[in-house]
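These are the residues of each chain, in order.
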Amino acid sequence: MNSESVHNPDRFMADLRQILSQGRKRIGLLIGAGAPASISVNENNQIVEEPWRPLIPDVDGLTTGVIESLDSGSSATIQTLRAEFPNLNNIEDILTQIRKLAQAIGTAEVFGLTGPQYNDLAQEICDLIGSIVNKSLPDPPTPYSHLVAWIAGTQREHPVEIFTPNYDLLIESAFETARVPYFDGFTGSRLPFFDPAAVSSDSLPPRWSLLWKLHGSLGWKIVDDRLVRTGDATATELIYPDHLKYDQATRPPYSAMFERLRRFLTAPDTLLMSTGFSFADSHIEKVLDESLAANAHTAVLAFQFKPLIEEGLARTLALSRPNMSVYARDGAIINGVAGKWQTGAPPNEEWENIRRTFWGHAGDGEPNFLLGDFAKLTRFLALIQAEDIFEAERQSAETSDEQPDAGQTSDD
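Caption draft 1: How the structure looks around the packing of helix 7 (residues 143-153) against helix 8 (residues 170-177). Taken N-terminus to C-terminus, the directions of helix 7 and helix 8 make an angle of 55 degrees; their axes are 9 Å apart at the nearest point. By the criterion of interaxial angle, the relationship of helix 7 to helix 8 is oblique. By crossing handedness, the relation of helix 7 to helix 8 is classed as right-handed. Where helix 7 abuts helix 8, its residues Tyr 144, Ser 145, Leu 147, Val 148 and Ile 151 lie against Leu 170, Ile 171, Ala 174 and Phe 175.

Caption draft 2: Quick look at the side chain of Asn 323. Inspection of the secondary structure puts Asn 323 in the loop between helix 12 (312-320) and strand 14 (324-327). Looking at Asn 323, the relative accessible area reads 16%, which means it is buried. Looking at Asn 323, its side chain comes within polar contact range of the main-chain oxygen of Thr 298, at 3.3 Å.

Caption draft 3: Region of interest: the environment of Ile 27. Here Ile 27 lies in strand 2 (residues 26-31). Ile 27 sits 244 residues away from Leu 271 along the chain, and the two C-alpha atoms are 5.1 Å apart. What Ile 27 contacts, discounting residues up to four positions off in sequence, is Leu 20, Trp 150, Pro 159, Val 160, Glu 161, Phe 264, Leu 271 and Met 273.

Caption draft 4: View of the packing of helix 4 (residues 72-84) against helix 6 (residues 115-133). Contact geometry for helix 4 and helix 6: axes closest at 12 Å, N-to-C directions at 100 degrees. It follows from the interaxial angle that helix 4 and helix 6 lie roughly perpendicular. From helix 4, Ser 74, Thr 77, Ile 78 and Leu 81 reach across to helix 6, where they touch Tyr 118, Leu 121, Glu 124 and Ile 125.

Definitions and limits used
- Residues numbered from 1 in each chain as written.
- Predicted model: local features only at pLDDT ≥ 70, side-chain atom pairs only at ≥ 80, totals over all residues.
- Heavy atoms only, no water.
- Axes fitted to C-alpha atoms, helices over the stretch in contact; angles between N-to-C directions.
- Helix = DSSP H or I, 4+ residues; strand = E, 2+ residues; numbered from the N terminus.
- Parallel < 35°, antiparallel > 145°, perpendicular 65-115°, else oblique.
- Left-handed = near helix turned anticlockwise from the far one by under 90°.
- Contact = heavy atoms within 4.5 Å.
- Buried < 20%, exposed > 50% of the residue type's maximum accessible area, 1.4 Å probe, protein only.
- Polar contact = N/O pair within 3.5 Å; in protein donor to acceptor, adjacent residues only side chain to side chain.

Written out as structure tokens, the structure is:
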């Protein structure tokens with residue numbers, strides 16, 4: 001990081017608060033596996049500070065959990081594959097490679113398994129992934145309920161669009177608990193079916209949020225050659241497809257949703273905020289890179305949990321695309337320039353309270369930028385909404401006080 005460069009978080013958070021409260025821009029959220037991993041729960045699924053046990057583990061934790069749950073034979077096969085293919089960094093990479101082998105070898109035997117046996121192993125892995133990520137949302141308030149409160153609380157010209165590679169149903173639960181409408185590409189009542197044409201449409205009212213599950217979801221299933229949403233979280237067949245090798249029956253959901261991400265990013269005057277996302281997913285990263293290059297009027301703002309030097313993938317993209325910014329714990333990359341955070345003098349008396357929503361201590365050491373933590377980011381968003389409501393009520397009360405009583409005339 002260039003020690004001569006500094007960025008003032010006060011300035012950028014003031015600008016962001018204004019943009020988000022106006023409701024004019026196209027706003028999108030990219031929510032990665034670090035989001036539910038940031039929520040600590042106890043054995044009763046209650047949110048706690050300690051002991052730190054994630055509601056749902058991140059990709060590394062998911063990989064460890066799946067491999068440890070496999071029987072010794074399946075676990076040994078995965079170790080053999082990882083030795084043979086060094087790029088199998090996580091369970092999603094492993095699952096993709098297993099499916100490739102299942103398609104390629106037929107009844108031949110490779111590394112001790114035939115094609116059908118690799119299919120069985122892939123389904124076993126999907127079932128284990130499903131059992132690990134199939135968690136209920138704790139009672140509100142939660143980071144997800146804060147997020148939905150912010151989304152629902154502002155009048156907007158365009159729907160908020162949420163893109164996520166996560167398989168869980170937490171955001172759906174938060175929308176439904178708050179009775180906030182959303183659309184996820186499916187339509188129908190008994191077995192809602194996927195409608196690609198509706199994904200490409202912009203006909204829904206702005207108060208409806210749009211939810212796009214880029215890697216599939218619990219509850220998706222093929223029934224009579226149609227993709228349906230079953231409502232049964234134990235349905236795991238369509239978790240994390242290989243985006244290049246899935247069959248014709250499952251092609252529409254993933255191609256349509258990735259195209260929706262591309263379309264969102266190439267629309268005029270858009271802002272995509274990412275949270276809990278490591279930028280390790282090559283499919284999503286490629287769409288971001290190409291779209292940022294094609295559209296100078298879109299912006300990506302990546303809220304990252306670690307120090308800037310440790311966010312290598314996000315750093316690389318932000319240094320090559322000036323319309324992407326990275327806000328990390330100790331510094332930022334803004335307009336292609338890396339620098340440390342350095343707060344300035346508060347612009348007004350109220351700013352110290354506002355600053356505490358994004359700047360402070362997260363453990364030992366110097367104060368740092370807090371919003372790389374999904375829970376703190378959603379609280380920041382919810383507080384923007386709460387303050388906007390308070391200010392509107394205050395102004396309304398002042399206006400009422402200035403009006404004469406009903407029936408009163410200026411001659412009274």
